[in-house]
Amino acid sequence: MPIICSPRSRGLLALAVPAALLAAAACNNPLEDNINACARPLIMAVNVQVRDAAGRPNAIGATVVARPRSGEADARKGYGDSLTIAAGEESGTYDVEVTKPYHTSALVRGVTPKQDRCGVQEPAVVPVTLTLLPGAPPVRQVVTPPHGYGFGWGGLTAQLTAFVEAAPGVSQAVTWVSRDTTVARITPEGLLTSRCRTSALGTWVVASSAVDPTRSDSVSVWVYADTDPIRCPRS
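Residues numbered from 1 in each chain as written. Predicted model: local features only at pLDDT ≥ 70, side-chain atom pairs only at ≥ 80, totals over all residues. Heavy atoms only, no water.

Enquirer: How do you make sense of the overall build of the protein when you look at a structure like this?
Expert: Helices and strands together make up the secondary structure of the protein, namely 2 helices and 18 strands. Counted over contacts in the protein with a minimum sequence separation of 6, partners at least 24 positions apart contribute 58%. (Helix = DSSP H or I, 4+ residues; strand = E, 2+ residues; numbered from the N terminus. Contact = heavy atoms within 4.5 Å.)

Right, dumping it as structure tokens:
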């Protein structure tokens, strides 16, 4: 569908889409005849496809760092089959490093995302293979969601999932613990529920391997103060 950049639509577009994700040439130049040519969203710069020696997806728990030749590096930890990462600047060449506990690492130099006349990039696809090192323990790591949770009041829920990176046949079960149950509770199945609070406070929810409790990961949880006396009665 074409994007029409009238003054009104420019205001609505700015509210609906973060400015950093727009190729704004069309809206910055209302006299542009072909408004669709430069009105496509700016796509993240590098897509790293991590595989193991057998070719299976192996991105969970891997850390990808994209280092531009100028500017700051960006890093991201894997929570799926591949990783798409904003590499820190709109154009340029990057060195992409991939690491993972108990695995070989990979360094790919000179990764250059595609760019057209509008400066719009397509992700540069970077395939890498990480091989398990000899002597790796049965449970390598536990990986929780790579973001925190914030709740406006008590009684709100979110389903959490933790991945256990382990040898074949090793249990994937985890135990969940909330460090402060006055902030949030969590069930053995990972259902997180915020608690009613009259003052804002945060805590950590920890997932540990049922086989090796020394392998764990945590998620930050924040609950804001609730000023509604009906929803959050004062004691």
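Enquirer: Would you mind going over the packing of aromatic side chains with me for this structure?
Expert: When we look at a pair of aromatic rings, we describe it by the centre distance and by the angle of the planes. In this structure the tally under the stated criterion is 1 aromatic pair. Each ring, one from Trp222 and one from Tyr224, has its centre 6.2 Å from the other, and the planes form 70 degrees; the classification is edge-to-face. The exposure class assigned to Trp222 is partly exposed, which follows from its relative accessible area of 38%. One cation-aromatic arrangement involves Arg231 over Trp153; the distance from NZ or CZ to the ring centre is 4.2 Å. (Phe/Tyr/Trp six-rings, centres within 6.5 Å; stacked < 30°, edge-to-face > 60°. Buried < 20%, exposed > 50% of the residue type's maximum accessible area, 1.4 Å probe, protein only. Lys NZ or Arg CZ within 6 Å of the ring centre and 35° of its normal.)

Enquirer: How do you make sense of the sheet that holds strand β6 (residues 106–111) when you look at a structure like this?
Expert: The strands making up a sheet are joined through hydrogen bonds of the backbone, oriented either antiparallel or parallel. As summarised here, the arrangement of the 4 strands in space is β3-β2-β5-β6, forming an open sheet in which the pairing is antiparallel. Across the chains shown, the open sheet's two edge strands, defined by having one partner strand only, are β3 (74–77) and β6. Here the average twist between neighbouring strands, direction ignored, is 15 degrees. Sheet analysis places strand β5 (residues 94–99) next to β6, joined by 4 bridges and oriented antiparallel. Each bridged residue has a counterpart across the sheet, and for Val98 the counterpart in β6 is Ala106. (Pairing = 2+ DSSP bridges. Axes fitted to C-alpha atoms, helices over the stretch in contact; angles between N-to-C directions.)

Enquirer: Which parts of the structure should I look at to understand the pairing of strand β10 (residues 139–143)?
Expert: On a regular strand, one side chain projects to one face of the sheet and the next to the other, so that they alternate. Across the 5 residues of β10, 5 count as buried, placing the element largely inside the fold. One ladder, built from 4 bridges, connects β10 with strand β13 (residues 163–166); its direction is antiparallel. Within the sheet, the bridge partner assigned to Val142 lies in β13 and is Val164.

Enquirer: Mind showing me how you'd approach unusual backbone geometry here?
Expert: Of all residues except glycine, most have a negative phi; of all peptide bonds, most are trans. Its identity as a non-glycine residue notwithstanding, Tyr102 has a phi of 65 degrees, on the positive side. When you line up the elements, Tyr102 lands in the loop between β5 and β6.

Enquirer: How should I be thinking about the pattern of salt bridges in this particular structure?
Expert: It is possible for side chains bearing opposite charge to pair when their charged atoms get close. Applying the stated criterion across every chain yields a total of 7 salt bridges. For Arg215, the salt bridge is made with Asp212, and the minimal N-O distance between the two is 3.7 Å. Looking at Arg215, the relative accessible area reads 22%, which means it is partly exposed. Asp226 is paired through a salt bridge with Arg231; the nearest N and O atoms lie 2.8 Å apart. Classification of Asp226 as buried rests on a relative accessible area of 3%. On the basis of relative accessibility, which here comes to 40%, the residue Arg231 falls in the partly exposed class. (Salt bridge = Lys/Arg side-chain N within 4 Å of Asp/Glu carboxyl O.)

Enquirer: Can you walk me through the sheet that holds strand β18 (residues 216–223) in this structure?
Expert: The strand order across the open sheet built from 4 strands is β11-β18-β17-β14, with neighbouring strands paired in mixed fashion. The sheet is open, and its two edges are formed by β11 (149–151) and β14 (174–178), each paired on a single side. Neighbouring strand axes in the sheet, compared pairwise and without regard to direction, differ in orientation by 20 degrees on average. Sheet topology note: the β14/strand β17 (residues 201–209) ladder contains 5 bridges and is antiparallel. Note that in β17 the partner of Ser178 across the bridge is Val205.

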